[in-house]
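# Architecture and fold: a report
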Amino acid sequence: MPVQTVAKIVGKEKLIEGIYKFSMKTKEIAKEAKPGSFLEIQVSESYEPFLRRPISIYNVDKENDVVEFIFQVKGKGTKMLMDKKVGDDLNILGPLGEGTFEVKHYKKAYIIGGGIGTYPLYELAKELKENTDVTMYMGFRNKELVTLESEFEEVSKKLVVTTDDGSYKEKGYAIDFLKEDCNKEKPDIIFACGPLPMLQAVQEFAKKEKIECQMSLEERMGCGIGACVGCAVKVIRNGEEKYEYVCKNGPVFNAKDVII
Ligand SMILES: Cc1cc2nc3c(=O)[nH]c(=O)nc-3n(C[C@H](O)[C@H](O)[C@H](O)COP(=O)(O)OP(=O)(O)OC[C@H]3O[C@@H](n4cnc5c(N)ncnc54)[C@H](O)[C@@H]3O)c2cc1C
Ligand code: FES
């Protein structure tokens with residue numbers, strides 16, 4: 001059940017230029033958060049900007065009641081968030097999203113993330129690690145954007161890092177390395193989060209190979225709770241097309257059900 005709460009910033013770290021990790025003290029959200037859950041963050045005390053900003057949960061430390069998220073500075077809202085300091089309070093709504101990544105005992109799971117889409121996959125890999133053989137594929141545009149490599153190394157059995165331009169580790173798209181590994185051994189499931197073209201390619205491949213696939217979607221959001229119809233996405237339920245909401249029914253959907 002999501003709550004609206006005021007949480008203190010207990011940690012702030014600049015990972016690379018324009019990308020920040022915030023640690024928030026919040027017992028209620030830490031207790032309820034699942035891999036794939038997100039937060040709606042109020043970035044200003046005034047009405048400008050009016051809308052909260054949706055940011056995924058990166059890591060949950062239930063023992064210390066801490067929830068962490070990582071964001072890229074894009075526009076006005078995230079710039080205001082960047083200016084917050086340790087000790088400041090943030091008004092947060094969360095954890096949001098009824099559709100989260102399903103953590104159960106898989107023999108083998110492939111997890112693929114692109115750019116800032118890799119961050120929401122950390123908690124998933126962490127929770128799967130104990131019972132599942134996890135291979136993690138992280139794709140970035142170039143070396144400067146590669147983040148959290150050692151963190152993901154700790155929560156996966158094998159880690160593949162790719163850059164589009166070959167400036168670091170493997171050259172090319174992460175999905176091509178995932179496909180290559182699938183030819184050797186098919187996983188029980190593929191989890192994905194990242195830019196739309198990557199998700200579309202993963203969805204097509206999973207469908208062709210008949211591999212279960214869960215993917216986290218991103219849509220422009222208003223309310224974050226299924227009330228404003230701002231984040232509608234087409235899905236297929238019982239053979240019929242209908243609309244659901246990324247904020248409420250997602251953000252994680254089964255790839256075979258969603259039209260992206
Ligand atoms: C479920 C979900 C999870 C997300 N998780 C992360 C994350 O973990 N890290 C991260 O860096 N970013 C994440 N995003 C994207 C992030 O919400 C946007 O980058 C941010 O809202 C931009 O706000 P802004 O004011 O800086 O930009 P502006 O462009 O000034 O924003 C204007 C408006 O558009 C909305 N908006 C802009 N871009 C997006 C977007 N891509 N998705 C949704 N709304 C958008 C804003 O909320 C705001 O209402 C996520 C988005 C969604 C929907
Ligand atoms: S953001 Fe309002 S319905 Fe999803």
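Residues numbered from 1 in each chain as written. Chains lettered and ligands numbered in written order. Predicted model: local features only at pLDDT ≥ 70, side-chain atom pairs only at ≥ 80, totals over all residues. Heavy atoms only, no water.

Across its full length, the chain holds six helices and 16 strands. In terms of C-alpha radius of gyration, the chain reaches 18 Å, essentially the compact-globule figure of 18 Å for 260 residues. With the C-alpha coordinates aligned to their principal axes, the bounding extent of the chain is approximately 55 × 45 × 35 Å. In the chain, which comprises 260 residues, the share counted as buried stands at 51%. Put simply, of all contacts in the chain between residues at least 6 apart along the chain, 62% involve residues at least 24 apart. Between the centroid of the 39 positive side chains of the chain and the centroid of its 42 negative side chains there is a distance of 2 Å. (Helix = DSSP H or I, 4+ residues; strand = E, 2+ residues; numbered from the N terminus. Rg over C-alpha atoms; globule rule 2.2 N^0.38 Å. Buried < 20%, exposed > 50% of the residue type's maximum accessible area, 1.4 Å probe, protein only. Contact = heavy atoms within 4.5 Å. Lys, Arg positive; Asp, Glu negative; His and termini not counted. Charge placed at Lys NZ, Arg CZ, Asp CG, Glu CD.)

Turning our eyes to something else, we now look at the packing of aromatic side chains. With the rule as written, the count across this model stands at nine aromatic pairs. Plain terms: the ring middles of Phe 69 and Phe 71 are 6.0 Å apart, the flat faces sit at 40 degrees to each other, and that makes the pair tilted. Relative to Phe 191, the ring of Tyr 106 lies with its centre 5.8 Å away and its plane at 75 degrees, an arrangement referred to as edge-to-face. Highlighted residues: Tyr 106 in the loop between strand S6 (89–96) and strand S7 (108–114) and Phe 191 in strand S11 (residues 189–193), separated in sequence by 85 residues. We note that Tyr 106, like Phe 191, is buried. Put simply, the rings of Tyr 20, Phe 22, Phe 69 and Phe 71 touch in pairs and so form one group of aromatic residues. (Phe/Tyr/Trp six-rings, centres within 6.5 Å; stacked < 30°, edge-to-face > 60°.)

Moving on, we come to the domain arrangement of the chain. Looking at the assigned domains, one finds that the chain contains domain 1 (3–96) and domain 2 (108–218). Relative placement of domain 1 and domain 2: their C-alpha centres are 24 Å apart. Ranking the residues of domain 1 by area buried against domain 2 places Ile 16, Pro 35 and Tyr 58 at the top, with a combined share of 45%. In this structure, the connection of domain 1 to domain 2 is made through zero salt bridges. Seen at the junction of domain 1 and domain 2, the total is four residue pairs in polar contact (both at pLDDT 80 or more). Those elements that provide at least two residues to the side of domain 1 that touches domain 2 are strand S1 (3–16), strand S4 (53–61) and strand S5 (66–72). (Domains from an automatic or database assignment. Buried area = accessible area lost by both parts, 1.4 Å probe. Salt bridge = Lys/Arg side-chain N within 4 Å of Asp/Glu carboxyl O. Polar contact = N/O pair within 3.5 Å; in protein donor to acceptor, adjacent residues only side chain to side chain.)

Read across the sheet, three strands follow the order S14-S13-S16 without closing on themselves; strand pairing throughout is antiparallel. The sheet is open, and its two edges are formed by strand S14 (240–245) and strand S16 (258–259), each paired on a single side. Bridge analysis of strand S13 (residues 232–237) against S16 gives two bridges, and the strand direction is antiparallel. Looking at S16, one finds that Lys 234 is bridged to Ile 259. (Pairing = 2+ DSSP bridges.)

Lining the immediate environment of ligand 1, one finds 19 residues, of which Arg 53, Pro 54, Gly 77, Thr 78 and Glu 218 sit closest. In this structure, an oxygen atom belonging to ligand 1 sits 2.7 Å away from a side-chain N or O atom of Arg 53. Alone, ligand 1 offers 820 Å² of accessible surface; in the complex the protein occludes 85% of this. Where the shell around ligand 1 is concerned, the elements lending two or more residues are S4, S5 and helix H2 (76–82). With four residues, S4 is the largest single contributor of residues to the shell around ligand 1. Looking at the shell around ligand 1 residue by residue, the classes come out as eight nonpolar, five polar and six charged. (Near = heavy atom within 4 Å. Areas by Shrake-Rupley, 256 points an atom, 1.4 Å probe, with all protein chains shown as cover. Nonpolar A, V, L, I, M, F, W, Y, C, P; charged D, E, K, R; others polar.)

This next bit is on unusual backbone geometry. Following Gly 94, the chain continues into Pro 95 via a peptide bond in cis, with omega recorded as -5 degrees. Mapped onto the fold, Pro 95 is located in strand S6. Positive phi values are uncommon outside glycine, yet Asp 65 reaches one of about 55 degrees. The residue Lys 210 is not glycine, and still its phi comes out positive at about 55 degrees. Here Lys 210 lies in the loop between helix H6 (196–209) and strand S12 (212–216).

Across a regular strand the side chains alternate sides, sitting on one face of the sheet and then on the other. Across the seven residues that make up S7, a large majority, seven, are buried. Taking every second residue as pointing to the same face, both faces of S7 are buried, with Lys 108, Tyr 110, Ile 112 and Gly 114 on one and Ala 109, Ile 111 and Gly 113 on the other. In terms of strand pairing, S7 meets strand S8 (residues 133–140) through seven bridges, oriented parallel. Within S8, the position partnered with Ile 112 by the bridge is Tyr 137.

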